[in-house]
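# Structural features, examined
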Amino acid sequence: MYQLLIHFWKEKLRSPFWQKSIFINILLGFIGIYLALNILMLGFFADKIVAEVFPNQDVLAAFNRLLFYYFGFDIVIRFFLQQLPVMSIQPYLALPVKKSTLLHFPLVRSVFNFLNLCALLLILPFFFKVVLSTQTPLYSVSWIVSVISFIAFNNFLNFTAKKYFVKKPLLVILWIFALSIFIYLDIAKIISVSSLFSNALGLLSQTALFALLPVVLAVVSYYVAYELLRRNAYIEGVEKQNNAKSTSFQFLSNYGLIGTLIGSELKLIFRNKRPKSLLYLSLFFLCYGFIFYHEPYIDSPYMLSFVGLFLTSNLAMFYYQFAFSWESSFYDMFLVHRISPFNFVLAKYYLFAIMCVLSYLVTLPYAFIDSKIAFINTAMLFYNVGITSIILFFAGSFSTSSIDLGRAQFMNYQGTSAHHFFMMIPLLGIPALILVPFYYAGMLNVGFFVIAILGAIAILLHRQLVGFISNRLVKRKYIMSSGFRK
């Protein structure tokens, strides 16, 4: 097991991605350190923050209530973001290594991930600063053991959830819906679920024997995941299952070549791990409006325009940030296939528009909070379909990094290049520059009309704009295909 973990560390250090782009490595390193320091400071000052939010409650009891929300959201975020390293055992199958060791390896390896690090950075400062200094040693040890056991329980439960929830995505929606109901009942003070969890955690911490219950849950979740891996550790069964449940979009062939190309794109999304996990992640961010559609952001036109731009392009922007890298593994086919670059890009444009319209319709009920949300989001819908799509496709023409479709999304930066960061300047800058003069002139609504009109003009000229992108692909096709082969 130790040697396998050493190999895992060497695999990360020697990965071609880390040796390919110094700029991306440095930027990601700074972002990771920044996030870790922010979470560490949040954990260090958690007692003061909790005291301000819950002034009439005990700090530890209030923090225990917040842990209920944390663990609930944690399992949802893990499902969408945490990568399960089950494929890492494949190179060892032909070597004299015990099968049980190989099956334990991905479970042990999953402990060393960023989400668990964030949990420790958040909880340990509070433990040393508050719990250890105000409670008895027995209570303190029982409390930290219980909390870490719940973290481990979520970590290993994710293996089982990935297995069954991927087969039945409706279960994911039901879980998020159930979590939302519990949160609503708690906030509305109908049933204080978080208080029940806080009392239960306090009871577990008072008696060392009770503190073993979360440990037992963590151990059980580990062995359930192990048994699941053991029963499904045969390639033949996976291939049979994949063949039996292949996704088909035959009805799109009725719309000619463009419909067939859109169907092929949808098959790529739903039959491969990374684009499918990215799609699920984007669905989670459709709830973004609950964070900003209230005071004081509801009176900020720039915040509303940013949220409107994000919500109405959420599905499309998440996917089409890698517009042409998704086909990197078979991009050479387009160099010799009888598919014109114009139709290739036009199919992507129509699917982009469909995704934007779906995002707009799903988030339209936010207008019940304030009617101006519908007005702003409609303007941003036209902008996204007409202009954001072309910006993303133009930025995608600079792509030379391949993507492994079989890998999950979390901590996976394949296909990421400098242009992904630079393209955010025109995406966000163009609407901001348009709104600035109208804001100071006191005619902000006219500014949103201008954004909508510019988007509508771009939609009317979409064939010319798509032609520009397709001509650029023709000029760069050999550069892109050469980069994708590396």
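Since this is a predicted model, take the numbers as computed values, not measurements.

What counts, and where the lines are drawn
- Counting restarts for each chain: residues are numbered from 1 in the order of the written sequence.
- Local features in this predicted model are restricted to residues of pLDDT 70 or higher, and side-chain atom pairs are both shown and tallied only at a pLDDT of 80 or more, whereas totals for entire chains, interfaces and linings draw on every residue.
- Remark: hydrogens and water are excluded; side-chain values derive from all non-hydrogen atoms of the structure.
- Structural elements are reduced to axes, namely lines fitted to C-alpha atoms, with helices fitted over the stretch in contact, and the angle between N-to-C directions of any two is expressed from 0 to 180 degrees.
- Each helix is a run of DSSP H or I of at least 4 residues and each strand a run of E of at least 2, with the numbering of both proceeding from the N terminus.
- Should the near helix be turned anticlockwise from the far one by less than a right angle, the crossing is left-handed, and should it be turned clockwise, the crossing is right-handed.
- Contacts were defined at the residue level, with two residues in contact if any of their heavy atoms lie within 4.5 Å.
- Side-chain classes follow a simple rule in which Ala, Val, Leu, Ile, Met, Phe, Trp, Tyr, Cys and Pro form the nonpolar group, Asp, Glu, Lys and Arg form the charged group, and the remainder, Gly included, forms the polar group.
- In this scheme, patches are assembled from residues that exceed 30% relative accessible area and form no salt bridge. Like charges are connected within 9 Å, while nonpolar side chains (Val, Leu, Ile, Met, Phe, Trp, Tyr) are connected within 5 Å.
- Per-residue and other accessible areas follow the Shrake-Rupley method at a 1.4 Å probe size, with only the shown protein chains counted as cover for residues.
- The working definition used for a salt bridge is a side-chain nitrogen of Lys or Arg within 4 Å of a carboxyl oxygen of Asp or Glu.
- Categorising residues by exposure relies on relative accessible area from a 1.4 Å probe, with only protein chains included: less than 20% of the type maximum marks a residue as buried, more than 50% marks it as exposed, and the intermediate range marks it as partly exposed.
- For this analysis, a ring pair means two rings from Phe, Tyr or Trp (six-membered ring only for Trp) whose centres lie within 6.5 Å, classed as stacked if their planes differ by under 30 degrees, edge-to-face if by over 60, and tilted for the remaining angles.
- A ring has a charge above it when a Lys NZ or an Arg CZ is no more than 6 Å from the ring centre and no more than 35 degrees off the ring normal.
- Confidence of the predictor at the level of single residues is captured by pLDDT, which takes values from 0 to 100.

## Description of the packing of helix α20 (residues 371-396) against helix α22 (residues 424-440)
- Following both chains from N to C, one finds α20 and α22 inclined at 145 degrees, their axes separated by 10 Å at the closest point. α20 and α22 meet at a crossing whose hand is right-handed. Residue-level inspection shows Met380, Tyr383, Thr388, Ile391 and Leu392 of α20 in contact with α22, the latter providing Pro426, Leu427, Ile430 and Pro431.
- Each residue belonging to the contact of α20 with α22 can be placed in one class, and the counts come to eight nonpolar, one polar and no charged.

## Examining the packing of helix α16 (residues 301-311) against α22
- With their axes 11 Å apart at the nearest point, α16 and α22 run at an angle of 145 degrees to one another. Along this stretch, α16 crosses α22, giving a crossing that reads as right-handed. Contacts between α16 and α22 pair Pro301, Tyr302, Ser305, Phe306 and Leu309 from the former with Leu427, Leu428, Pro431, Ala432, Leu435, Val436 and Tyr439 from the latter.
- Of the residues contributing to the contact of α16 with α22, the split by class is eleven nonpolar, one polar and no charged.

## Observations concerning a nonpolar patch on the surface
- Residues Leu203, Leu209, Phe210, Leu212, Leu213, Val216, Val220 and Val224 make up a contiguous nonpolar surface patch of roughly 720 Å² in combined accessible area.
- At seven residues, the largest contribution of residues to the nonpolar patch is made by helix α11 (residues 208-231).
- Positionally, Leu203 belongs in helix α10 (residues 193-206).
- By relative accessible area, which is 46% here, Leu203 ends up partly exposed.

## Re the pattern of salt bridges
- In this structure the tally under the stated criterion is three salt bridges.
- Across the salt bridge formed by Asp47 and Lys129, the nearest N and O atoms sit 3.3 Å from each other. Pair noted here: Asp47 is in helix α4 (residues 46-53) and Lys129 is in helix α7 (residues 114-134), with a separation of 82 residues, a long-range link.
- A residue is classified by how much of its surface remains accessible, and Lys129, at 27% relative accessible area, is partly exposed.

## Brief notes about the packing of aromatic side chains
- Considering all chains together, one arrives at 29 aromatic pairs under this definition.
- Arranged with centres 5.3 Å apart and planes meeting at 75 degrees, the rings of Tyr222 and Tyr223 form a pair that is edge-to-face.
- Judged by relative accessible area, which is 14%, Tyr222 ranks as buried.
- Taking 5.4 Å as the distance between ring centres and 85 degrees as the angle between the ring planes, the aromatic pair formed by Phe394 and Phe398 counts as edge-to-face.
- Here Phe398 falls in the partly exposed class, since its relative accessible area comes to 36%.
- Through a chain of ring-to-ring contacts, three or more aromatic side chains come together here, namely Phe68, Tyr69, Tyr70, Phe71, Phe150 and Phe197.
- The ring centre of Phe44 lies 4.3 Å from the NZ or CZ of Lys129, which sits over that ring.
- The lysine or arginine in question, Arg472, covers the ring of Phe398, its NZ or CZ lying 4.4 Å from the ring centre.

## Description of the confidence of the model for the chain
- Chain-level statistics for the chain give a pLDDT mean of 79 and a share of 81% at 70 or above.
- No element of the chain has a lower mean pLDDT than helix α12 (residues 235-244), which averages 43, and none a higher one than helix α23 (residues 444-460), which averages 91.
- For the stretch residues 235-246, pLDDT sits under 50, and the model shows four contacts to residues farther than four places along the chain or on other chains.

## Details of the side chain of Asn384
- Looking at the element boundaries, Asn384 is found in helix α20.
- Discounting residues that sit within four places of it in the chain, Asn384 has contacts with Gly308, Leu309, Thr312, Ser313, Phe352, Cys356 and Ser389.

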